[in-house]
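So you can see what is in the structure, the chains are spelled out below.
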Amino acid sequence: MISFPNAKINIGLNVVSKREDGYHNLETVFYPVKLADALELVESAEPEFSASGIQIDGAPESNLVFKAYHLLQQKFDLPPVHLHLHKVIPFGAGLGGGSADAAFTLKMLNEYFSLELKDDQLEKYAATLGADCPFFIRNKPTFAHGIGDQFEAVELDLSAYEIILLKPEFSVGTADAFRNIIPQKSDFDLRKLADLPIEEWKDRVKNDFEKSVFPQFPQIEALKNLLYENGAVYASMSGSGSAVYGIFRHSPVDLAKFIPSGIFIYR
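Trainee: It is not clear to me how the sheet that holds strand β8 (residues 150–153) should be interpreted in this structure. Could you clarify?
Mentor: Reading across the sheet, the four strands line up as β2-β3-β7-β8 and stay open at both edges, with antiparallel pairing between neighbours. The sheet is open, and its two borders are formed by β2 (6–18) and β8, each paired with just one other strand. Sheet twist, expressed as the mean angle between neighbouring strand axes with direction ignored, is 25°. Where strand β3 (residues 24–36) meets strand β7 (residues 142–145), three bridges bridge the pair, whose relative direction is antiparallel. Paired with Thr 28 across the bridge in β7 is Ala 144.

Written out as structure tokens, the structure is:
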């Protein structure tokens, strides 16, 4: 069985407050995009994990794909499988690639072994693997709040637009992203995003991490500005970076010639 775990972007990201447990309450809209990894499942004599594409550091046991398998294996006494991940979604980009891989592993195992788990059950398992993971079970536009683990469906369709992702060679660490963040409530409710014309998003829909990340990594701000200069109707950093995206009504003629060397372009 083969599936294609896709990335997501954050449209708006408000850091609302700091919690007593040290985490932050957030508000954002997750939107799935077509950039995807490839994940293959075959039965084998013993549990195995392998990978290709972008290099994955760490032992197989630490990968979320293998953790997702072991989670359901312990619950349902599953037979051993070989899981192979071809990695395309970059790490440290704010695109949710690892979370997608874990969630799609759960969905594949559920289908392949006829476990008959419903989406809400799969979401509970996914939540034990990571805060973003449950989003990829239904994989539809979603308003997320809390620590990013509470979800409400939103009606948002960007299929008439082209979304272009840019990622510099470096990543942004979580500590760097939260440095100098001052939590505050937003004056715009992201649950109403679909009611706001996309031309008005630039002035109303913000990613609070940009305030902290851009001064530390001005290259990321430059990429966002470049997207606007080349016709994006909306551009933003995704999550805590380092990827940025632009939403275009019409595809740029040749965006590559405007992009500095060392920048990865995903369309």
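Trainee: Even after reading the chapter, I still don't get the environment of Phe 66, so can you show me in this structure?
Mentor: Relative to the elements of secondary structure, Phe 66 occurs in helix α1 (residues 64–76). Residues Phe 66 and Tyr 266, 200 residues apart in the sequence, show an inter-C-alpha distance of 27 Å.

Trainee: What should I look at first to understand helix α2 (residues 97–112) in this one?
Mentor: Because each turn of an α-helix spans 3.6 residues, side chains separated by three or four positions end up pointing in the same direction. With 16 residues, α2 ought to run about 22 Å at 1.5 Å a step, and its terminal C-alpha atoms sit 22 Å apart, in line with that. Within α2, 12 of the 16 residues are buried, leaving the element largely enclosed by the surrounding structure. Among all positions of α2, only Gly 97, Ser 99, Ala 100, Asp 101, Ala 102, Ala 103, Phe 104, Thr 105, Leu 106, Met 108, Leu 109 and Asn 110 are buried. Once α2 ends, the next one or two residues include Ser 114, with phi positive near 50°.

Trainee: What exactly am I supposed to notice about the sheet that holds strand β9 (residues 162–167) here?
Mentor: In a beta sheet, neighbouring strands pair by backbone hydrogen bonds and run either parallel or antiparallel. In space, the four strands of this open sheet follow the order β10-β11-β9-β12, with antiparallel pairing throughout. Each edge of the open sheet is held by one strand with a lone partner, namely β10 (234–237) and β12 (264–266). Strand-to-strand twist across the sheet, computed as the mean angle between neighbouring axes with direction ignored, equals 20°. Sheet topology places β10 next to strand β11 (residues 244–248); four bridges connect them, and they run antiparallel. Its bridge partner being in β11, Tyr 234 is matched across the sheet by Ile 247.

Conventions used here
Residues numbered from 1 in each chain as written. Predicted model: local features only at pLDDT ≥ 70, side-chain atom pairs only at ≥ 80, totals over all residues. Heavy atoms only, no water. Pairing = 2+ DSSP bridges. Helix = DSSP H or I, 4+ residues; strand = E, 2+ residues; numbered from the N terminus. Axes fitted to C-alpha atoms, helices over the stretch in contact; angles between N-to-C directions. Expected span 1.5 Å × (residues − 1). Buried < 20%, exposed > 50% of the residue type's maximum accessible area, 1.4 Å probe, protein only.

Note that all results are geometric; they support no functional claim without further evidence.
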